[in-house]
Amino acid sequence: MAEAPQIFRRIAIAGNPNTGKSTIFNALTGLRQKVGNYPGVTVEKKTGRFFGSHGEAMELLDLPGSYSLQVRSPDEAVSRDVLLGRVPGTPRPDAIIAVLDASNLDRHLYLVAQFLELDIPVIVALNMVDVAEKRGLTIDLLGLKNSLGVPVIPMVASRGQGLIELKQALSRATLQVSDQRAQLPIVLEREVAALSRMLKGHAGSVRSEAMLLLSLEDDRLAAEAKGDSTLLTEIHAARERLKLSGLDPIAAPVDARYAWVSEVCASTVHRQGEDSHGLTFSDHIDQILTHKLWGWLAFVGMMALMFVCIFVVAQAPMDWIRAAMQAVAKWTGAHLPPGDLRSLVVDGVIVGVGNVVVFLPQILILFFFLGLLEDSGYMARAAFIMDRLMSRVGLHGKSFVPLLSSFACAIPGIMATRTIENRNDRFVTILVAPLMSCSARLPVYAIMIALLMPASNVWSKAGVMLCMYLIGVIAAFVMAGLFKKTILRSETPMLLLELPPYRAPVFRGIVQRMWERAVVFIRRAGTVILALSVLLWALLSFPKPTEPDATQSEILSHSIGGRMGHAIEPVIAPLGYDWKIGIGLVASFAAREVFVSTMGQIYNIEDAKEDNEDLRTQMRDERRADGTPVFTPLTCLSIMVFYVLAMQCLSTVAIVRRETNSWRWPLFQIAYMTALAWIGAFVVYQGGHLLGFR
Amino acid sequence: MSATVQQILVGMAVIGALLYLVLRARKKKNCDSGCGCGTKKPLK
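Here's what I pulled together on the structure shown here. Everything numeric here is computed off the predicted structure, so don't read it as measured data.

### A word on the overall build of chain B
Along chain B, the regular secondary structure elements total 1 helix and 0 strands. Within chain B, buried positions represent 32% of all 44 residues.

Right, here's the structure in full:
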């Protein structure tokens, strides 16, 4: 059997995720790969062999993708530990191939800055140079090589370009450790040197080890120091000294590296379309849209415009759907004999489903705008300005996307929290995500605003709707802050956000997404809402009173639904609601939009008229026993605030149960949100009364 | 249509709706059927 050739060099291939590391690994090693596991963790260890330009055997280790050596996940910990020579059975590599995405150099060079501090020779594989070129980027390769002090190989790994040059670079007799690196503040350098002396005898780079220990967060430091109390005391003392000299031991090296990276990029990367200050068209727009004051004004202005369009543009199609629904109800009513069957079809099915379907145009316009904002690249800017506010309450920057998705529906929002590594941060986001106003709340807001201000102009109506959305956002932030300080404590990491250039939205894609939403909405109206409407009709119609001459109002009051409404009336009376609204609240526990269909059913069954009146008119005409209107402006506001803050969605409960793997959290969520909704509605109604409003 | 036929039809509709909701809740659902969000990924 042939003896395995002696390994000339052990090389690690590392870089950010999705830079083409595995493509280069596969291209170099071919089928000579071995897959195993690192000891103690379920992270895959992939090694392979290849031969250099002169036939020398090399071992290549494919490290998991990581953004920095400041680890956040087990994968990143493995990359860091291998490079520091801490993993038993895996010798410290002789060189690192740092794979960079040439089109995102400014972001990916941070990791290289950390590699250069490791005292291991680095070779930069500058992958995807074709993409960078297409994006109008010109990279000064010689300048980059000089700035980094390491060989830089331009590559298009997917087409095998640059592989020969990479092999040649790896086959050199000696590989130099670069003398270029980010300049750390002198005080920090001094502490690193002192700590390095303590770590003498350590297998890997003592300087890197010292740097790492100094910049670790407290909870991780205890684990990394492995109970060495002398070392821990020295690290804490060094940190105190750094703090006294005005340096944050965690942020200072990060800032220094970023400053170095932007210096390198400024001198080596040029963008087409940049002006004399190196600013692109996107940068100019961002100066306004991410500005501390103008950014917020632009954000609020855009949201207000969106709601105005929701009211103005949706008006005509909503009237058509309403007219069609009334025509169908009238025709069906005329062709069916009077009795329970007619009541079921007209008051239950047509009114129940129709009153929800009416809101389809508004929901589609909402999604049109969300699609427009997302495709144009504005959403990333919104995340940026919101992050300032979010970090103030301790919310993780990664919480923004889940919270934003929750404006459409809390379910994809809650699923999107899986990207948040810290359990406590993730649970806080899950707990507050349903406070963001989802599209199912739109029908409730719209009908209440129509009752609240029938004659007002669209700007006022849009203003009220915007306020409802803002109340949800503020409540979410306040509750998140509260949870972070009490039941789900954790430190808040920084947000690293890439702002993509602005693009013209692709309308075809947006229209396609709107169509998908419409199909989902109609399907839901035809299945779940239809079934719930039939059941609600039954609950509102049976049992019938024994007296044969009972009025429709007595029949409703005598029904199971009516009794439920009466039962909860004492609890909801302080909020300004009567027992009929109570039925709506109970019925809409399954899904918020059922509130509108229930109210439609209640007033239709009660009126028992041949012609199906508009729900808004029926609600406006509704009177209490003393003759005063039920839906006063204050009651309408109170109902809206209740729906902003209440859970009222069984699908969300189910998904929270699944995502947290316990009933404890969804039950807690229902309890706190219902309590919050009751208190919010109580404050609005009773506070308004005290101030003299009605 | 006689009153009895009407009552049978109403009864069938109510039981049908109830059965639909119960069976739907028991079935492992994809997100696109529960909330109106349109997400197609299965919830694992």
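The structure having been displayed, the exposition proceeds.
### As for empty space enclosed by the protein
One way to see where empty space is left: roll a probe the size of a water molecule over the atoms. Residues and elements named next belong to chain A. The final tally for this structure, using the stated rule, is 6 cavities of 30 Å³ or more. Considered as a void within the structure, the second largest cavity measures approximately 130 Å³ in volume. Surrounding the second largest cavity, Leu69, Gln70, Arg80, Leu84, Gln114, Glu117, Leu118, Ser208, Met211, Leu212, Ser215 and Arg257 form its lining. Residue contributions to the lining of the second largest cavity peak at 3 residues, all from helix H8 (residues 206–214). The residue inventory of the lining of the second largest cavity, partitioned by class, reads 5 nonpolar, 4 polar and 3 charged. Of the residues that make up the lining of the second largest cavity, three or more belong to each of domain 1 (7–170) and domain 2 (186–289).

### Focus: the packing of helix H21 (residues 458–485) of chain A against helix H28 (residues 633–645) of chain A
All names here are of chain A. Relative orientation of the contacting elements H21 and H28 amounts to 40°, with a least axis distance of 9 Å. The orientation of H21 relative to H28 falls into the category oblique. Read as a crossing pair, H21 and H28 show a hand that is right-handed. Residues Val464, Met468, Ile471, Gly472 and Ala475 of H21 form the contact with H28, whose participating residues are Leu637, Met640, Val641, Val644 and Leu645. Among the residues forming the contact of H21 with H28, the class breakdown is 9 nonpolar, 1 polar and no charged.

### Description of the side chain of Thr598 of chain A
Residue and element names in this part refer to chain A. Residue placement: Thr598 occurs in helix H26 (residues 594–607). Residue Thr598 is classed as buried on the basis of its relative accessible area, which comes to 0%. Not counting residues up to four positions away in its chain, the partners in contact with Thr598 are Leu536, Ile583, Gly584 and Ala587.

### So, the nonpolar core
Residues and elements named next belong to chain A. Counting 134 residues, the largest nonpolar core has Met448 and Phe631 as its most contacted members. The biggest single contributor to this core is helix H22 (residues 507–541), with 14 residues. Aside from chain neighbours lying at most four places away, what touches Phe631 is Met448, Leu451, Ile581, Met599, Tyr603, Met619, Glu622, Cys636 and Ile639. Among the nonpolar cores identified, the runner-up in size contains 59 residues, and Ala14, Leu83, Ile120 and Ala256 belong to it.

### A short note on a nonpolar patch on the surface
All names here are of chain A. A grouping of Ile288, Leu293, Trp294 and Leu297 is seen on the molecular surface, where their side chains present a nonpolar patch of about 430 Å² in accessible area. By the element assignment, Leu293 lies in the loop between helix H12 (281–289) and helix H13 (294–335). In this structure Leu293 comes out as partly exposed when scored by relative accessible area, which is 47%.

### Brief notes about the pattern of salt bridges
All names here are of chain A. Applying the stated criterion across every chain, the model contains 14 salt bridges over all chains. We note a salt bridge from Glu117 to Arg257, for which the minimum N-O separation is 2.9 Å. Taken as a pair, Glu117 in the loop between helix H3 (105–116) and strand S6 (122–127) and Arg257 in helix H11 (residues 251–268) lie far apart in primary sequence, 140 residues in all. With a relative accessible area of 5%, Glu117 lands in the buried category. Where Arg241 meets Glu191, a salt bridge forms, and the shortest distance between an N and an O atom there is 2.8 Å. With Arg241 in helix H10 (residues 229–244) and Glu191 in helix H7 (residues 186–198), this pair connects stretches of sequence that are 50 residues apart. Assessed through its relative accessible area of 12%, Glu191 is described here as buried. Each of Glu191, Glu234 and Arg241 takes part in one network of salt bridges that share partners.

### Structural notes on the environment of Thr174 of chain A
Here Thr174 of chain A lies in the loop between helix H6 (163–170) and H7. Residues Thr174 of chain A and Pro121 of chain A, spaced 53 residues apart in sequence, show a C-alpha to C-alpha distance of 9.4 Å.

### Remarks on the packing of aromatic side chains
Residues and elements named next belong to chain A. Evaluated as defined, the whole model comprises 17 aromatic pairs over all chains. Three or more aromatic residues link up through ring pairs in this structure, and these residues are Phe427, Phe483, Trp665, Phe668 and Tyr672. The ring of Phe542 has Lys544 lying over it, and the distance from NZ or CZ to the ring centre is 5.1 Å.

### Considering the side chain of Thr660 of chain A
All names here are of chain A. One can find Thr660 in helix H29 (residues 650–660). At 2.7 Å, the side chain of Thr660 and the backbone oxygen of Val656 are in polar contact. Apart from residues lying up to four places away in sequence, Thr660 is in contact with Phe427, Ile430, Trp665 and Pro666.

### Structural notes on the packing of H13 of chain A against helix H14 (residues 340–357) of chain A
Two measures define how a pair of helices packs: the angle their axes make with one another and the distance between the axes. All names here are of chain A. Where H13 contacts H14, the two axes come as close as 10 Å, and the packing angle between them is 175°. Accordingly, the angle class assigned to the pair H13 and H14 is roughly antiparallel. Contact residues: Ile321, Met325, Val328, Ala329, Thr332 and Gly333 in H13; Arg342, Val345, Val346, Ile350, Gly354, Asn355 and Val357 in H14. Looking at the contact of H13 with H14 residue by residue, the classes come out as 8 nonpolar, 4 polar and 1 charged.

### Section: unusual backbone geometry
All names here are of chain A. With an omega of -10°, the peptide bond between Phe542 and Pro543 qualifies as cis. Here Pro543 lies in the loop between H22 and helix H23 (552–558). Phi angles above zero are rare outside glycine, and Asp119 is one such case at about 60°. Tracing the backbone shows Asp119 in the loop between H3 and S6. For Asp119, a relative accessible area of 34% corresponds to the partly exposed category. Positive phi, close to 60°, is recorded for Met128, a residue that is not glycine. With respect to the helices and strands, the residue Met128 is situated in the loop between S6 and helix H4 (129–134). Given a relative accessible area of 21%, Met128 falls into the partly exposed group.

### As for the pairing of strand S1 (residues 7–15) of chain A
Residue and element names in this part refer to chain A. Along S1, 7 of the 9 residues are buried, which leaves the element largely enclosed by surrounding structure. The pairing of S1 with strand S4 (residues 57–62) spans 6 bridges and is parallel. Across the sheet, the residue bridging to Arg9 is Met58, located in S4. Pairing analysis gives 5 bridges linking S1 to strand S5 (residues 95–101), with the strands arranged parallel. Bridge pairing links Ala12 to Ile96 in S5.

### Regarding the environment of Phe407 of chain A
All names here are of chain A. With respect to the element layout, Phe407 can be found in the loop between helix H17 (400–405) and helix H18 (410–416). With 34 residues separating them in the primary sequence, Phe407 and Arg441 have C-alpha atoms 9.7 Å apart. Setting aside anything within four residues of it in sequence, one finds Phe407 in contact with Leu366, Met436, Ser437, Cys438, Ser439, Tyr469 and Val473.

### Some thoughts on H22 of chain A
The terminal C-alpha atoms of H22 of chain A lie 47 Å apart, and with 35 residues this matches the ideal 51 Å at 1.5 Å per residue to within 8%. Along H22 of chain A, the helix axis deviates most sharply at Ile529 of chain A, where the bend reaches about 35°.

### Some words on the pairing of S6 of chain A
Residues and elements named next belong to chain A. Among the 6 residues that make up S6, 6 are buried, leaving the element largely enclosed by the rest of the structure. Neither face of S6 is open: one carries Val122, Val124 and Leu126, the other Ile123, Ala125 and Asn127, and all of them are buried. Sheet analysis places S5 next to S6, joined by 6 bridges and oriented parallel. Residue pairing for S6: Val99 is matched across the bridge by Ala125. A crossover connection joins S5 to the parallel S6 through H3; in handedness this β-α-β unit is right-handed. Across 3 bridges, the pairing between S6 and strand S8 (residues 152–154) is parallel.

Parameters and conventions
Residues numbered from 1 in each chain as written. Chains lettered and ligands numbered in written order. Predicted model: local features only at pLDDT ≥ 70, side-chain atom pairs only at ≥ 80, totals over all residues. Heavy atoms only, no water. Helix = DSSP H or I, 4+ residues; strand = E, 2+ residues; numbered from the N terminus. Buried < 20%, exposed > 50% of the residue type's maximum accessible area, 1.4 Å probe, protein only. 1 Å grid on protein atoms, 1.4 Å probe; cavity = no way out; pocket = protein on both sides within 12 Å on 5 of 7 lines; lining within 4 Å. Points joined across faces, edges and corners; volume = space filled by probe spheres on them. Nonpolar A, V, L, I, M, F, W, Y, C, P; charged D, E, K, R; others polar. Domains from an automatic or database assignment. Axes fitted to C-alpha atoms, helices over the stretch in contact; angles between N-to-C directions. Parallel < 35°, antiparallel > 145°, perpendicular 65-115°, else oblique. Left-handed = near helix turned anticlockwise from the far one by under 90°. Contact = heavy atoms within 4.5 Å. Core = buried A, V, L, I, M, F, W, Y, C linked by side-chain atoms within 4.5 Å. Patch = residues over 30% accessible without salt bridge, like charges linked within 9 Å, V, L, I, M, F, W, Y side chains within 5 Å. Areas by Shrake-Rupley, 256 points an atom, 1.4 Å probe, with all protein chains shown as cover. Salt bridge = Lys/Arg side-chain N within 4 Å of Asp/Glu carboxyl O. Phe/Tyr/Trp six-rings, centres within 6.5 Å; stacked < 30°, edge-to-face > 60°. Lys NZ or Arg CZ within 6 Å of the ring centre and 35° of its normal. Polar contact = N/O pair within 3.5 Å; in protein donor to acceptor, adjacent residues only side chain to side chain. Pairing = 2+ DSSP bridges. Expected span 1.5 Å × (residues − 1). Bend = angle between axes of the 7 residues up to and from the residue. Right-handed = clockwise from strand over helix to strand, strands pointing away.

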